[in-house]
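# Per-entry structural report
Listed below are the residues making up each chain.
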Amino acid sequence: RTVPVLATQHALVPGELVDRAALVVREVRLDRAEDLYLTDRADLLTEPLVVVRTVGAGELVPLGALAPATSLELRTVAVTPRGQVSADVVRGAAVDLWFVPAVRAGQGGSATPRQLAEGLTVAQVSDASRTLVAGAGVTVHVLVPTAQLADVLAALGAEGTVEVVPVAGVVPAR
C-alpha cells in the first residue's frame, strides 16, 4: 500500500520555516518506515516547524530534519567576501568562514588567516551585480550557531575580510 508523503520542491536549508506550499505530495510505499517521514496529515504542521538539516530538492522530508521553530539555535549572518565566491557556494551547501586580517601599510609581511567557523549551511546567495547597487558584490547568508555568533560578528566588524570557502563534496543538487 502507498501513503501520501511530503517532498520538497526545492532544497530546504536549516533555519527555513516549513511552508506547506513549498511541499508536494508523493504517493510512496514505505513499508514500516511511515513514521520517519512527514506525511500529508494536517496535525504535523499545526505548530511552526523549521528545518534543522538540509533536505535536497525532490526528497521526501524526514521528520528527523524538522524541529519546533522555538528550538532553533542558528542565526542568519550576511557575509560579503572580498574575493571571488566559488560556484559551489549555493543554497544548502556547506561552507567554512575564514578571517583574513588587514595588513597595515608599513608593517610588511602577510596576514595569517584563521578559521572562524566550519561546516555552516548557506541559506541564500545574493548577487548585487544583478541589482542597481553599485560596487556591491556577492553576499552569502550563512547559518551560524549562536555559540559561534560573537566570534563571527566580531570578525565582520574588524579590519580585514571574512571569506567563504566551500566544503569539498558537500554541494546540494541544483
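My aim in this report is to walk through the structure given alongside it, one point at a time. (Residues numbered from 1 in each chain as written. Predicted model: local features only at pLDDT ≥ 70, side-chain atom pairs only at ≥ 80, totals over all residues. Heavy atoms only, no water.)

## Focus on the overall build of the protein
Let me state the cut-off plainly: Helix and strand definitions follow DSSP, with helices as H or I runs of at least four residues and strands as E runs of at least two, each counted in order from the N terminus. Burial classes: relative accessible area under 20% of the type maximum marks a residue as buried, over 50% as exposed, and values in between as partly exposed (1.4 Å probe, protein chains only). Any two residues having at least one pair of non-hydrogen atoms within 4.5 Å are treated as being in contact. The protein chains shown are the only cover counted for residues, whose accessible areas, like all others here, come from Shrake-Rupley with a 1.4 Å probe.
Across its full length, the protein holds one helix and nine strands. Along the protein, from the amino end to the carboxyl end, the secondary structure elements read β-β-β-β-β-β-β-β-α-β. Expressed as a percentage of its 174 residues, the buried residues of the protein come to 35%. Residue pairs in contact within the protein that sit at least 24 positions apart in sequence constitute 65% of those at least 6 positions apart. Here the protein has roughly 10,000 Å² of accessible surface; of this, 52% comes from carbon and sulfur atoms.

## Considerations on the side chain of Glu16
Cut-off, in case you're wondering: Pairs of N or O atoms within 3.5 Å make up the polar contacts considered here, provided that, within protein, one atom can donate a hydrogen while the other can accept it, and that residues adjacent in sequence are counted only when both atoms are side-chain atoms.
Position of Glu16 among the secondary structure elements: in the loop between β1 (3–8) and β2 (23–28). Judged by relative accessible area, which is 17%, Glu16 ranks as buried. Of note is the side chain of Glu16, whose polar atom sits 2.6 Å from the side chain of Arg91.

## Let's talk about the environment of Pro14
The topology assignment puts Pro14 in the loop between β1 and β2. In this structure the C-alpha to C-alpha distance between Pro14 and Val122, which are 108 residues apart in sequence, comes to 8.7 Å. Discounting residues that sit within four places of it in the chain, Pro14 has contacts with Val51, Val52, Arg53, Thr54, Leu74, Thr121 and Leu143.

## Thoughts on the sheet that holds strand β7 (residues 114–127)
Rules: Between any two strands, pairing holds if DSSP finds at least two bridges. Axes here mean lines fitted to C-alpha atoms, for a helix over just the part in contact, with angles spanning 0 to 180 degrees between N-to-C directions.
The sheet built from five strands is open, its strands ordered β5-β8-β7-β6-β9 with antiparallel pairing. Edge positions in the open sheet fall to β5 (74–79) and β9 (160–166), since each of these has one partner strand only. Neighbour-to-neighbour, the strand axes of the sheet open up by a mean angle of 40°, direction not taken into account. On the sheet, helix α1 (residues 149–157) packs against β5, β6 (94–101), β7, β8 (138–145) and β9 and is oriented at approximately 15° with respect to β5.

## Observations regarding the pairing of β7
In this structure, β6 lies alongside β7, joined through five bridges in antiparallel fashion. Within the sheet, the bridge partner assigned to Leu97 lies in β7 and is Ala117. Where β7 meets β8, six bridges bridge the pair, whose relative direction is antiparallel. Bridging across to β8, Gln124 finds its partner in His141.

## Here we look at the nonpolar core
What counts here: As used in this record, nonpolar core signifies buried Ala, Val, Leu, Ile, Met, Phe, Trp, Tyr and Cys residues forming a set joined through side-chain atoms within 4.5 Å.
Counting residues in hydrophobic clusters, the biggest one holds 20 residues, and the most contacted among them are Leu97 and Val142. Counting residues per element, this core draws most heavily on β7, at four residues. The next biggest cluster of nonpolar side chains, apart from the first, holds eleven residues, and it includes Val18, Val55, Val61 and Leu66.

## Thoughts on the environment of Val13
In this fold, Val13 is placed in the loop between β1 and β2. Residue class for Val13 comes out buried when judged on its relative accessible area of 2%. Separated by 78 residues in the primary sequence, Val13 and Arg91 have C-alpha atoms spaced 7.4 Å apart. Apart from the residues lying within four places of it in its own chain, the contact partners of Val13 are Val51, Thr54, Arg91, Gly92, Thr121, Val122 and Ala123.

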